[in-house]
Amino acid sequence: MPVNGNGDGKDKLVVENLYKIFGPDPDEALRLLEQGLSKDEIFERTRTTVGVQNADFSIRDGEVFVVMGLSGSGKSTLVRLLNRLIEPTRGRVLLDGRDITAMGRKELIHMRREHMSMVFQSFALLPHKTVAENAAFGLDVAGVSRDEQRKRALKALETVGLGQYGDSYPDELSGGMKQRVGLARALATDASILLMDEAFSALDPLIRTEMQDELVRLQQREAHTVVFISHDLDEAIRIGDRIAIMDGGAIVQIGTPEEIVTNPANEYVRSFFYGVDVSKVFTAAEIAEQDVLMVFERPGTNVRAALAQLRDRKRNTAVVIDAAGQYRGMVSQHSLARALDSPGETRWDDAFLKGIEPAPEDMDLSDVLSLVAASEHPVPVLAKGGRYLGIVNKTILLQTLDKAG
């Protein structure tokens, strides 16, 4: 599962007490909601539908925020409230502190053109326009010059791997390629927020996976804030930094995939994730623990001193870290003693256990399982660049699987 985290962690979108009521009597529906009546009970009494009720959350800059729920749960209504394609009944949506719900028509149009782009399930490509012209459609509507349109469209097409198809026509492309053009059209506007409503659900499974990978790669190159509507649990886990679960127009839980799997808010959420393949949920970094003695490679801490530390602490193994926190290797009482018994100057490299294969932080649990099963020692987990994060052993794996049910 990706942990995109390429933004600065600040709140990009803030949703406050947001409601959408469809039908003849929204005030009565709101009154009944306050009394605790359900969505179905309110419809029975008033013929008024609760689309979204009391949505209150924030979305961080640069994260992929996935909204999930069964059909009719309110997820597509929610995403359209964010850019006011649907007018809210009550509440506010703040973009970088600016209240979208209070914007006038001109300001709202400018916000949509400059700050939010939407990618729909339907490709919605114009057959008589080239791929580049389709990618530039939003820029054309905004009155951008022709030269600038083409320049930005081709750059966006290059980003999604279609740079060479700019002068082709939609009927020359496969379904997956057409959806890439739809994504390029959103990227061409340079909007910082992408709203994606079931964007990949019409694609064949293999192509859908390719598009999910494309989105992850895009986030790694240049992070956007993405609100992604999906009914596909595997997709949500694959691309999402956090997931919001909706039921009856209400958000019942928000959390990372591993938080929701290990601590579901209620039976609805638990059943949603029942039978999920936990190997797709957890990564090495998310289950690593500081469960092994650390020895710092620095002046005054030599091989003999390390052996004394292990004996004093009654530990069999230790991880050796340099002053910058970089992983150097793993040692045991036996490997340290063997190095000390060797003739000549004793070096750290002589004391390291052989055949220890560290796990990168983003390694899936299924691959971590294979590493741990094949090793008689704990498996160190490293961040990009070699910084030590912790270890995974058989006990930690069993505890993780047990927590996940």
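Scoring rules and cut-offs
Residues numbered from 1 in each chain as written. Predicted model: local features only at pLDDT ≥ 70, side-chain atom pairs only at ≥ 80, totals over all residues. Heavy atoms only, no water. Salt bridge = Lys/Arg side-chain N within 4 Å of Asp/Glu carboxyl O. Helix = DSSP H or I, 4+ residues; strand = E, 2+ residues; numbered from the N terminus. Buried < 20%, exposed > 50% of the residue type's maximum accessible area, 1.4 Å probe, protein only. Domains from an automatic or database assignment. Core = buried A, V, L, I, M, F, W, Y, C linked by side-chain atoms within 4.5 Å. Contact = heavy atoms within 4.5 Å. Pairing = 2+ DSSP bridges. pLDDT = per-residue confidence, 0-100. Patch = residues over 30% accessible without salt bridge, like charges linked within 9 Å, V, L, I, M, F, W, Y side chains within 5 Å. Areas by Shrake-Rupley, 256 points an atom, 1.4 Å probe, with all protein chains shown as cover. Axes fitted to C-alpha atoms, helices over the stretch in contact; angles between N-to-C directions. Parallel < 35°, antiparallel > 145°, perpendicular 65-115°, else oblique. Left-handed = near helix turned anticlockwise from the far one by under 90°. Nonpolar A, V, L, I, M, F, W, Y, C, P; charged D, E, K, R; others polar.

Undergrad: Break down the pattern of salt bridges for me, with residues and values.
TA: Tallying each qualifying case throughout the model produces 19 salt bridges. For the salt bridge of aspartate 96 with lysine 12, the shortest nitrogen-to-oxygen distance reads 2.9 Å. Of the two residues, aspartate 96 sits in the loop between strand 4 (90-95) and strand 5 (98-99) while lysine 12 sits in strand 1 (residues 11-22), which places them 84 residues apart along the sequence. Overall, aspartate 96 belongs to the partly exposed group, its relative accessible area being 47%. For glutamate 214, the salt bridge identified is with arginine 217, shortest N-O distance 3.1 Å. A residue pair is termed a helical-turn pair when its members lie 3 or 4 positions apart in one helix, as glutamate 214 and arginine 217 do in helix 9 (residues 205-221) at three residues. You can call arginine 217 partly exposed: its relative accessible area is 38%. Each of Arg180, Glu214, Arg217 and Arg221 takes part in a single network of salt bridges with overlapping partners.

Undergrad: Which residues make up the domain arrangement of the protein chain, and what values do they have?
TA: Here the protein chain is partitioned into domain 1 (11-115 + 191-276) and domain 2 (285-404). One C-alpha centre belongs to domain 1, the other to domain 2; they are set 43 Å apart.

Undergrad: Just give me the short version of the nonpolar core, but keep the residues and values in it.
TA: Of all hydrophobic cores here, the largest spans 71 residues; its most connected members are Met196, Phe228, Ile245 and Phe273. The greatest single-element share of this core, amounting to seven residues, is contributed by helix 8 (residues 175-188). Residue assignment places this core across two domains, with domain 1 (11-115 + 191-276) and domain 2 (285-404) each supplying three or more. Here phenylalanine 273 is in contact with Leu233, Ile237, Ile243, Ile245, Ile260 and Val261, once residues within four sequence places are set aside. In this structure, Val52, Val79, Met116 and Val227 belong to the second largest nonpolar core, which totals 28 residues.

Undergrad: Summarise the sheet that holds strand 14 (residues 359-360); cite the residues concerned and give the values.
TA: Adjacent strands of a sheet pair through backbone hydrogen bonds, lying either parallel or antiparallel. Read across the open sheet, the three strands follow the order 14-15-16; overall the sheet is mixed. Each having just a single partner strand, strand 14 and strand 16 (388-392) make up the two edges of the open sheet. In this sheet, strand 15 (residues 379-382) lies alongside strand 14 in parallel orientation, the contact comprising two bridges. In the sheet register, proline 360 faces strand 15, and the bridge partner there is leucine 382.

Undergrad: Outline the confidence of the model for the protein chain, supporting the account with residue identities and numerical values.
TA: With 94% of its residues at a pLDDT of 70 or more, the protein chain has an overall mean of 86. Predicted confidence for residues 1-7 stays below pLDDT 50, and this span has 33 contacts to residues more than four positions away or in other chains.

Undergrad: I'd like a rundown of the side chain of glutamate 214, residues and numbers included.
TA: Relative accessible area serves as the criterion here: at 6%, glutamate 214 is assigned to the buried category. What glutamate 214 contacts, discounting residues up to four positions off in sequence, is Thr159, Val160, Arg180 and Arg221.

Undergrad: I'd like to hear about unusual backbone geometry, residue by residue, with values.
TA: Within the chain, asparagine 17 stands out as a residue other than glycine whose phi angle is a positive 45°. With respect to the secondary-structure elements, asparagine 17 resides in strand 1. With a phi angle near 55°, lysine 314 is a residue other than glycine that sits in the positive phi range. Summarising the element assignment, lysine 314 is placed in the loop between helix 14 (303-313) and strand 12 (317-322). Exposure remark for lysine 314: the relative accessible area of 75% places this residue in the exposed category.

Undergrad: Describe a nonpolar patch on the surface, listing the residues and the values that go with them.
TA: Judged by side-chain polarity, Leu369, Leu398 and Leu401 come together as a nonpolar surface patch covering roughly 250 Å² of accessible area. Residue placement: leucine 401 occurs in helix 18 (residues 394-403). The class of leucine 401 is partly exposed, set by a relative accessible area of 33%.

Undergrad: Mind laying out the packing of helix 14 against helix 15 (residues 333-341), listing which residues take part and the relevant values?
TA: The interhelical angle for the contact between helix 14 and helix 15, taken along N-to-C directions, is 150°, at an axis separation of 9 Å. In terms of their interaxial angle, helix 14 and helix 15 are classed as roughly antiparallel. Seen from above, helix 14 lies across helix 15 with left-handed handedness. Residues Val303, Arg304, Ala306, Leu307, Leu310 and Arg311 of helix 14 lie in contact with helix 15, whose contacting residues are Gln333, Leu336, Ala337 and Leu340. Split into classes, the residues belonging to the contact of helix 14 with helix 15 amount to seven nonpolar, one polar and two charged.

Undergrad: Before we move on, can you summarise the packing of helix 1 (residues 26-34) against helix 2 (residues 39-46) with the specific residues and values?
TA: The N-to-C vectors of helix 1 and helix 2 enclose an angle of 140°; their axes lie 10 Å apart at closest approach. Considering the angle they form, helix 1 stands oblique to helix 2. As helix 1 packs across helix 2, the resulting crossing turns out to be right-handed. Taking contact as the criterion, the partners of Glu28, Ala29, Leu32 and Leu33 in helix 1 are, on helix 2, Ile42, Arg45 and Thr46. Class assignment of the residues belonging to the contact of helix 1 with helix 2 gives a composition of four nonpolar, one polar and two charged.

Undergrad: Can you tell me about the sheet that holds strand 6 (residues 116-119), naming the residues and giving the values?
TA: A sheet is described by the order of its strands in space; here six strands give the open sequence 6-7-8-3-9-10, paired in mixed fashion. In the strand order of this sheet, the two ends are held by strand 6 and strand 10 (250-255), each with one partner. With strand direction ignored, the average angle separating the axes of adjacent strands in the sheet is 20°. The pairing of strand 3 (residues 64-69) with strand 9 (residues 242-247) spans five bridges and is classified as parallel. Bridged to methionine 68 within strand 9 is isoleucine 245. Its contacts with the sheet place helix 3 (residues 75-82) against strand 3, strand 6, strand 7 (193-197), strand 8 (225-230), strand 9 and strand 10, and it is angled at close to 155° to strand 8. Contacts from helix 8 reach strand 6 and strand 7, with the element oriented near 170° to strand 6.

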